[in-house]
Protein chains: 2
Amino acid sequence: MNIKANDPTLKSWVQVPENSDFPIQNLPFGIFSLDGDTPRVGVAIGSKIVDLKNLFELGYLEDTPFELADFDAAVLNPMMLRGKQATRTLRNRISELLNIENSELQNNPEEAKQIIVDMADAKMHLPVYIGDYTDFYSSEQHAYNVGCLFRDPKNALMPNWKHIPVGYHGRSSSIIVSGEPIHRPKGQKRPNPEEPPVFGTSNLLDFELEMAFVTYQGKPLGDHITTGEADEYIFGMCLFNDWSARDIQGWEYVPLGPFLGKNFASSVSPWIVTLDALEPFRVPGPLQDPKVLPYLEYEGDKHIAINLEMAIQPENSEATVVSDSNYKYMYWNMNQQLAHHTINGCNINCGDMMASGTISGPEEHEYGSMLEISWKGSKSVEMKDGSQRKFIQDNDTVIMKGYAKNDQVRIGFGEVNTKVLPAK
Amino acid sequence: MNIKANDPTLKSWVQVPENSDFPIQNLPFGIFSLDGDTPRVGVAIGSKIVDLKNLFELGYLEDTPFELADFDAAVLNPMMLRGKQATRTLRNRISELLNIENSELQNNPEEAKQIIVDMADAKMHLPVYIGDYTDFYSSEQHAYNVGCLFRDPKNALMPNWKHIPVGYHGRSSSIIVSGEPIHRPKGQKRPNPEEPPVFGTSNLLDFELEMAFVTYQGKPLGDHITTGEADEYIFGMCLFNDWSARDIQGWEYVPLGPFLGKNFASSVSPWIVTLDALEPFRVPGPLQDPKVLPYLEYEGDKHIAINLEMAIQPENSEATVVSDSNYKYMYWNMNQQLAHHTINGCNINCGDMMASGTISGPEEHEYGSMLEISWKGSKSVEMKDGSQRKFIQDNDTVIMKGYAKNDQVRIGFGEVNTKVLPAK
């Protein structure tokens, strides 16, 4: 596939700082607002945002299949409802307008001023209205670690794990965007298995380092999407911190799965990086043994190498990176997840979000949750300020970052940054 | 609480057939359309529907806090966003207009003709846009039966069951309205635990007899709703058939809960009966022993007696009732469910749907699923046409009905009626 906007030789007339997450080859979509203005669709470039509402109104998107309302919107869904060909055309057109060799907008500083705004002045919003949110459990190292911690290293993986991209439905209402703080949750837990449960604040608050993808409108109820078709139904990806209260989760989750241990919040990064922009970073996945059932087979490289890190920043102190992982460590890829999710006829809507599950690599420093890093609280991680962490403390800020990189280009995701306030 | 529209002595000038589900004391809300017209809000009375869009346009709702767009809508959410006091005022006003002692509309046959339409001519739609759907597991007999079938009668209930209204998130995109057929789902299952899983159509397709409630807009993320406040956040209830593919579910659900075994479809009845209309049918709940934690304690009668039945109708044959249950058999009531759901700060949006879980009574004929009725396929139920059922067969129509009744009035839910087509 030849996507014009991915050309690594492109340069923009908008200045892009070195090592920026947002070179002209990225062009991720988000929802932003400036003081006094309504939220609208924007595209990130360097430390700037392209205001697509103004870009449309000033006539620069005339040959694209969109209407003003698609960009003058508080979520990306109307734009995404136009489908993959449309958003690809749009990204290519924006790339063309920002190209240093193109004079249309570059030579019109009066209009450029209305269109290109400072990211520093913008407030970012949750980019998508999420109808349904699904969380998978697709990293083998994570599933293995959890199995070792709660069961037995010899039977760490459940019998179904290598046959099914195991997943469960989560709560979409409590997905929030980077920058919004959360309160430490309260709930029921049973710290002593010999005694009745108690009520109180969660003592074992954890992050989960995940990625999520966002879908286009799927097929009608009863139909399914194959692994070969899946790419056409995926708009893009963002960073995803799936907050978890391990003590609440541990007491509640048998037999119907996690509920209040998860649904108090999940935090996402504000920019959706298109699947198109990630194409240069495709890598082969692991050998899947035992062989998967035919509906889960796939062709080509469907995994993606994305460097991921999670850091904890104690109040009034520096951040300490506690996890370095990579999206390439997934056992099941997005195509398999989507094919599995729909094989029974389940329908997918525009804006649905599907998260990977915690992504842990084989090395200890690559584990994607404090549960694994502290090995269920049996050891601590030292912060730069000398304090110790087994789980997340009040007033800690947890910061996830991610980028894909090759010799020519770096496609970043920005960050998801969430402060944990004390329980209400 | 004195709700004017509940007065059992009221009579309507609109003729209501004897034993109708929809006397003037009910007035449930739904979304209907007539040939060539857009979907809009309606209220059921007898075998008629009151068209609220036309009622508003003709000036009959002037003193209510609504706008035309609240009724000229394809879902009830805009109307419900006005809040409980507003919808209560609306129901009282409609009751007043339909009262035989009120002449306003009764004596204006020209306008009445535009407002009162035949239910037989209307197509009913999914009444609510459901942002998030949660399924509880709150009937003790059901949880006990499942525990006996899959574990051990001596430890049938999980240790958490009497402490927590156990629940999990389900799929909102695949909730459909009565009348829409479903296809038998396909998926991965492991019929022989000694052999690898296989792919195929579900052979163990089941219904689950449930009720669901629909919420008003809740509090912001981080706050919680108490058992005492819960009534103010519940708009009304409907019948809910939670389709289940037992073979798919059995293989996938450990450890993260049901997923593809459930998310291919759930079917609801089209009329939302308001919680107000159900107030006369409040009954005490069971003694909860062990004592629940303080946040789950409640005052007053918060359970509701609603007769429920599920029938199977083989193709070209009569329906056979296979389950007679009652909503009063819930261990945990809606107030406790909502208090639990939000105790960690999880936010509830207008139109969220929360289902009860399968409602089974103590007698075998009161079991709410074929799993329990056939005792995991070990015995059959005879249909009126002589055929046998352990689970649901292709071309069966499954029909759920429900009503609350006392000496003076019968408040019904209509039905949810779903035909099972062969796998695609």
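By convention here, each chain's residues receive numbers from 1 onward along its written sequence. Starting at A for chains and at 1 for ligands, labels are handed out in the order in which the entities are written. Only residues with pLDDT of 70 or above have their local features reported here, since the model is predicted, and side-chain atom pairs are shown and tallied only from 80 upward, although totals for entire chains, interfaces and linings are computed over all residues. With hydrogens and water set aside, each side-chain value is computed from the structure's full complement of heavy atoms.

Visitor: I tried to follow the relation of the copies chain A and chain B on my own but got confused; where do I start?
Guide: The operation relating the pair of chain copies consists of a rotation about an axis and a translation along that axis. With an RMSD of 0.0 Å, chain A superimposes on chain B once it is rotated by 180° and translated 0.0 Å along the axis. Taken together, the rotation and translation relating the two chain copies correspond to the operation of a two-fold axis. Taking C-alpha positions as reference, the residue of chain A nearest the rotation axis is glycine 257 of chain A, located at 2.1 Å. Residues are treated as being in contact if the distance between any of their heavy atoms lies within 4.5 Å. A symmetric contact is evident, with 100% of the interface residues of chain A recurring at the interface of chain B. Least squares is the method used to superpose the copies, on C-alpha atoms of residues holding a pLDDT of at least 70 in both.

Visitor: Whenever I open this one, the domain arrangement of chain A confuses me. Can you help?
Guide: Bring the parts together and some accessible area is lost; that lost area is often taken as the interface size. Residues and elements named next belong to chain A. Where each domain starts and ends follows an automatic or database-derived domain assignment. The assigned domain composition of chain A is domain 1 (4–125) and domain 2 (133–421). At the interface, 30 residues of domain 1 touch 31 residues of domain 2. Throughout, the accessible surface (probe 1.4 Å) given up by two parts as they are put together, summed over both, is called the buried area. Across the domain 1/domain 2 interface, buried area totals approximately 2,300 Å², and carbon plus sulfur atoms make up 60% of it. On the domain 1 side of the interface with domain 2, the three residues burying the most area are Asp21, Met80 and Lys84, jointly 28% of the side's total. Counted as salt bridges are all cases of a side-chain nitrogen of Lys or Arg within 4 Å of a carboxyl oxygen of Asp or Glu. Inspection of the region where domain 1 meets domain 2 yields 2 salt bridges. Between aspartate 276 and arginine 88 there is a salt bridge; the shortest N-O distance is 2.7 Å. Two N or O atoms form a polar contact when they lie within 3.5 Å of each other; inside protein one atom must be a possible hydrogen donor and the other a possible acceptor, and for residues adjacent in sequence the pair counts only when both atoms belong to side chains. Linking domain 1 with domain 2 are 12 residue pairs in polar contact (both at pLDDT 80 or more). The helix and strand labels rest on DSSP assignments: H or I over at least four residues marks a helix, E over at least two residues marks a strand, and numbering proceeds from the N terminus. Secondary structure elements with two or more residues in the side of domain 1 that touches domain 2: strand E1 (29–33), strand E2 (40–45), helix H3 (77–80), helix H4 (84–98) and strand E5 (123–125). Top element by residues in the side of domain 1 that touches domain 2 is H4. It accounts for 5 residues.

Visitor: When you look at the sheet that holds strand E25 (residues 397–405) of chain A in this model, what are you seeing that I'm missing?
Guide: Note on sheets: strands pair through backbone hydrogen bonds, and any given pair is parallel or antiparallel. Residues and elements named next belong to chain A. Any two strands between which DSSP finds at least two bridges are classified as paired. Taken in spatial order, the 5 strands of this open sheet run E9-E26-E25-E20-E21, and their pairing is mixed. Whereas interior strands pair on both sides, the edge strands pair on one side only; in this sheet they are strand E9 (182–183) and strand E21 (320–326). Pairing of strand E20 (residues 307–313) with E25, which is carried by 7 bridges, proceeds in the antiparallel orientation. From the neighbouring strand, glutamate 309 faces E25, where its bridge partner is lysine 401.

Visitor: In this structure, what is going on with helix H9 (residues 334–342) of chain B? I would like to understand it.
Guide: Along an α-helix, a turn takes 3.6 residues, which lines up residues three or four apart on a common side. For each residue, the accessible area found with a 1.4 Å probe, counting protein chains only, is set against the maximum for its type, and the residue is called buried under 20%, exposed over 50%, and partly exposed in between. Within H9 of chain B, 9 of the 9 residues are buried, which leaves it mostly tucked inside the rest of the structure. When H9 of chain B is considered as a whole, its buried residues turn out to be Met334, Asn335, Gln336, Gln337, Leu338, Ala339, His340, His341 and Thr342 of chain B.

Visitor: How should I be thinking about the sheet that holds E1 of chain A in this particular structure?
Guide: Residue and element names in this part refer to chain A. Pairing is antiparallel in the open sheet, where 5 strands are placed in the order E4-E3-E2-E1-E5. Every other strand in the sheet has two partners, leaving strand E4 (116–118) and E5 as the edge strands with one partner each. Each adjacent strand pair in this sheet contributes to an overall mean axis angle of 50°, direction not counted. Axis definition: a line fit to C-alpha positions, over the contact stretch in the case of helices; interaxial angles, taken between N-to-C directions, run 0 to 180 degrees.

Visitor: Teacher, can you tell me more about the environment of alanine 156 of chain A here?
Guide: Residue and element names in this part refer to chain A. Take alanine 156: it is sitting in the loop between helix H6 (140–150) and strand E7 (167–170). Assessed through its relative accessible area of 3%, alanine 156 is described here as buried. Taking the C-alpha atoms as reference points, alanine 156 and alanine 230, 74 residues apart in sequence, are found 30 Å from one another.

Visitor: Any chance you could explain the environment of glycine 36 of chain A here in plain terms?
Guide: All names here are of chain A. With respect to the element layout, glycine 36 can be found in the loop between E1 and E2. Using a relative accessible area of 81% as the deciding quantity, one classes glycine 36 as exposed. Sequence separation of glycine 36 and lysine 302 is 266 residues, and the distance between their C-alpha atoms is 43 Å.

Visitor: Please explain unusual backbone geometry as it appears in this structure.
Guide: Across residues other than glycine, the phi torsion is negative in most instances, and most of the peptide bonds are trans. All names here are of chain A. A cis geometry characterises the amide bond from valine 254 onward to proline 255, with omega recorded as 10°. If you trace the backbone, proline 255 turns up in the loop between helix H7 (246–252) and strand E16 (266–268). For asparagine 316, which is not a glycine, the phi torsion comes out positive at approximately 55°. You can see asparagine 316 is positioned in the loop between E20 and E21. For asparagine 316, a relative accessible area of 80% puts it in the exposed group. A positive phi angle, near 45°, is found at tryptophan 375, a position not held by glycine. Mapped onto the elements, tryptophan 375 comes out in the loop between helix H10 (370–373) and strand E23 (381–382). Note on tryptophan 375: relative accessible area 30%, which makes it partly exposed.

Visitor: Just checking my understanding: could you explain the interface of chain A and chain B for this structure?
Guide: Taken residue by residue, the interface counts 56 residues in chain A and 56 residues in chain B. Where chain A abuts chain B, roughly 5,400 Å² becomes buried across the two surfaces, and 61% of that area is made up of carbon and sulfur atoms. The three residues of chain A that bury the most area against chain B are Arg171, Leu256 and Phe259 of chain A, which together make up 15% of that side's buried surface. Connecting chain A to chain B are 6 salt bridges. Note that lysine 424 of chain B and aspartate 223 of chain A form a salt bridge whose closest N and O atoms lie 2.7 Å from each other. In this assembly, chain A and chain B are joined by 33 residue pairs in polar contact (both at pLDDT 80 or more). Sorting the residues of the side of chain A that touches chain B by element identifies strand E6 (133–136), E7, strand E10 (186–189), strand E11 (198–201), H7 and helix H9 (334–342) of chain A as the ones contributing at least two each. Looking at the side of chain A that touches chain B, the element that brings in the most residues is E7 of chain A, giving 4 residues. Charged means Asp, Glu, Lys or Arg here, nonpolar means Ala, Val, Leu, Ile, Met, Phe, Trp, Tyr, Cys or Pro, and polar covers whatever is left, Gly included. When the residues that make up the side of chain A that touches chain B are grouped by side-chain class, the tally is 29 nonpolar, 19 polar and 8 charged.

Visitor: Hey, could you run me through the packing of aromatic side chains in this one?
Guide: Two aromatic rings, taken as a pair, are described by how far apart their centres are and by the angle between their planes. Put simply, two rings from Phe, Tyr or Trp (the six-membered ring, in Trp's case) pair if the centres are within 6.5 Å, and we call them stacked under 30 degrees between planes, edge-to-face over 60, tilted for the rest. By the definition in use, this model includes 23 aromatic pairs over all chains. Taking 5.8 Å as the distance between ring centres and 50° as the angle between the ring planes, the aromatic pair formed by phenylalanine 29 of chain B and phenylalanine 235 of chain B counts as tilted. Of this pair, phenylalanine 29 of chain B sits in strand E1 (residues 29–33) while phenylalanine 235 of chain B sits in strand E14 (residues 234–241), and the two are 206 residues apart along the sequence. For phenylalanine 235 of chain B, a relative accessible area of 2% puts it in the buried group. Pairwise contacts between aromatic rings join Phe29, Tyr216 and Phe235 of chain A into one cluster.

Visitor: How should the pairing of E1 of chain A be read in this particular structure?
Guide: Along any regular strand, the residues point their side chains to alternate faces of the sheet. All names here are of chain A. With 5 of 5 residues buried, E1 is to be regarded as a mostly interior element. On E1, burial covers both faces: Phe29, Ile31 and Ser33 on one face and Gly30 and Phe32 on the other are all buried. Sheet analysis places E1 next to E2, joined by 4 bridges and oriented antiparallel. Bridging across to E2, phenylalanine 32 finds its partner in arginine 40.

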